[in-house]
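The primary structure of each chain is shown beneath.
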Amino acid sequence: MKIVRIIRILGAPMLQVIMKNYYFLFIFFFGIFSAQKLRVVDAETETPVPNARIILSNQIVYTNEDGFAPVDQGASGFEISASGFQNVKAAQFNSVIKLKRAYKDIEEVKMASIDLRKIFEDVSKNYKKRYYREPSLYDVVYKEKMSDNDKLYFLTIAETKLWSKGNYYNYKDGFQKEYDNILQMQLNNVKYLKKIKSDNIFTTGTTEFSHEYMGNYFFNFELNRVLFHLKTKGTKSTGWMVFEEGDEQQVVFTIKSGSGIDMKGEFKYNKADKVITYFEIHYLQENYPMVKRKTADGTEYDYQLGNALLVFDFYKNNGVYVPALNKLEGYNYIAVYKGVKHVKSMSRELIYNTFKKSDDKGLTPRVDFSKNIWENVPVEESKNNTILLSEEEQTFVNGK
């Protein structure tokens, strides 16, 4: 199966009945080079804080799994933020940045009830007004990795350019498969590409590109999916504001969909701009029973849904909200294939290092999404290094 078709979102009232009216997240598996860096840690435990966003004067970077981020020692006046922590503004470079928890335990917080559906519907309705909606060009670090039974077997990290016509998933173009009208990618430098084993367990017999794959790049697509569940008959949900800092509120939520899907997550909401600046949602699906599936060659195996995570992060650039991070993870997906149990995990992460306004001409050359991304020819381009491997990733790259 091609890399570009990692995820599909299919519907079913039960796992035994496929293709009905609501969504499961099916994850299909195919198969420290900067000397200057800082580390972001929890102020209480001094444990690393991964995916902490650092807004520098000319770019965005994020900490890796070990809490490290590539930041020049001459950097000054930058801002660090992370989900569940208070924001920090650093006047100058410091090798260690400590973030204070926004709250410790939910039970200790004086919570205020939030109407989830009201916020989500308002943001969705006014999405085109509140997020940047013109052609845009980004320098992006694209990372993808996969594990089998807790062992990393695939890793790729590349510097790319990403062009978006409107920073918005256009359903009409999506259903008509006019994907180049929505999003284009140019492959610049493939820094790492390593795969140590063949994996045909999750390979299917079709190469048809999925509009859901493209949709998962855009927050409005996910917002509509969540609203679908909230509007489903029998759905129960809770939303609680647990922290407030200036105009920004932090909200935690749970959704038990009438269609049988459980979700939990959190988001940051700017009450002045009426914009969701950070959104994280977990689809909890691992309690569903195993079903029978077949590989592309017809071999039958047992398959069980796992959990999925989607993250969208935005920041304000010259008065407009633009994307900073898009992340997708699938974990605890199980396949029993020829008597061997495989616990599968995957992640795909895009860090939008830079943003600038563009035109509607798009990119030339650009990635052909109908085939494996890495079969496309890179356009060599010298760029500032914003890639910092975690210890696990470095060990994998160095291994034979």
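Bear in mind that the values here come from a model prediction, so they are computed numbers and not experimental data.

What counts and how
Residues numbered from 1 in each chain as written. Predicted model: local features only at pLDDT ≥ 70, side-chain atom pairs only at ≥ 80, totals over all residues. Heavy atoms only, no water. Salt bridge = Lys/Arg side-chain N within 4 Å of Asp/Glu carboxyl O. Helix = DSSP H or I, 4+ residues; strand = E, 2+ residues; numbered from the N terminus. Buried < 20%, exposed > 50% of the residue type's maximum accessible area, 1.4 Å probe, protein only. Contact = heavy atoms within 4.5 Å. Core = buried A, V, L, I, M, F, W, Y, C linked by side-chain atoms within 4.5 Å. Pairing = 2+ DSSP bridges. Axes fitted to C-alpha atoms, helices over the stretch in contact; angles between N-to-C directions. Left-handed = near helix turned anticlockwise from the far one by under 90°. Nonpolar A, V, L, I, M, F, W, Y, C, P; charged D, E, K, R; others polar.

**Regarding the pattern of salt bridges**
Next, step 1: Evaluation of the coordinates by the stated rule reveals 19 salt bridges.
Next, step 2: Asp-42 is the partner of Arg-101 in a salt bridge, and the nearest nitrogen-oxygen pair spans 2.9 Å. Taken together, the residues Arg-101 in the loop between strand 9 (96-99) and strand 10 (112-113) and Asp-42 in strand 3 (residues 37-42) connect sequence positions 59 residues apart.
Next, step 3: Residue classification places Arg-101 among the partly exposed positions, given a relative accessible area of 39%.
Next, step 4: The shortest N-O distance in the salt bridge between Glu-121 and Arg-117 comes to 3.0 Å. A residue pair is termed a helical-turn pair when its members lie 3 or 4 positions apart in one helix, as Glu-121 and Arg-117 do in helix 1 (residues 116-125) at four residues.
Next, step 5: On the basis of relative accessibility, which here comes to 37%, the residue Arg-117 falls in the partly exposed class.
Next, step 6: One network of salt bridges, with partners in common, ties together Glu-65, Lys-143, Lys-145 and Glu-393.

**Things to note about the environment of Asn-376**
Next, step 1: Looking at where Asn-376 falls in the secondary structure, it is placed in the loop between strand 22 (340-357) and helix 6 (391-398).
Next, step 2: Along the chain, Asn-376 and Arg-366 lie 10 residues apart, while their C-alpha atoms are 8.3 Å from each other.
Next, step 3: With residues up to four places along the chain from it excluded, the contact list for Asn-376 reads Leu-187, Arg-366, Val-367, Asp-368 and Lys-371.

**Description of the nonpolar core**
Next, step 1: In this structure, Phe-120, Tyr-217, Phe-267, Ile-276 and Phe-279 are the most contacted members of the largest nonpolar core, which totals 85 residues.
Next, step 2: Considering each element in turn, this core owes the most residues, eight residues, to strand 21 (residues 320-337).
Next, step 3: If we ignore the near neighbours within four places in the chain, the residues touching Phe-267 are Leu-116, Ile-119, Phe-120, Gln-249, Gln-250, Val-251, Phe-253, Ile-276, Tyr-278 and Phe-279.
Next, step 4: Formed by 18 residues, the second largest nonpolar core is a distinct cluster that contains Leu-56, Val-71, Ala-90 and Phe-93.

**Topic: the sheet that holds strand 9**
Next, step 1: Ordered by their spatial adjacency, three strands build an open sheet running 6-3-9, and the pairing between neighbours is mixed. Two strands in the sheet have a free side with no partner beyond their single neighbour: strand 6 (68-70) and strand 9. Sheet twist, expressed as the average angle between the axes of neighbouring strands with direction ignored, equals 30°.
Next, step 2: Direction of pairing for strand 3 relative to strand 6: antiparallel, over a ladder of three bridges.

**Some details on the packing of helix 1 against helix 5 (residues 219-231)**
Next, step 1: Contact geometry of helix 1 with helix 5 gives a least axis separation of 10 Å together with a crossing angle of 140°. For the pair helix 1 and helix 5, the sense of crossing is left-handed. Residue-level inspection shows Leu-116, Arg-117, Phe-120, Glu-121, Val-123 and Ser-124 of helix 1 in contact with helix 5, the latter providing Leu-223, Asn-224, Val-226, Leu-227, Leu-230 and Lys-231.
Next, step 2: Partitioning the contact of helix 1 with helix 5 into residue classes produces seven nonpolar, two polar and three charged.

**Section: the sheet that holds strand 4 (residues 53-55)**
Next, step 1: Pairing within the open sheet is antiparallel, and its four strands lie in the order 5-4-7-8. Two strands lie at the open edges of the sheet, namely strand 5 (60-62) and strand 8 (88-92), each paired on one side alone. Strand-to-strand, the axes of this sheet are offset by a mean angle of 25°, without reference to chain direction.

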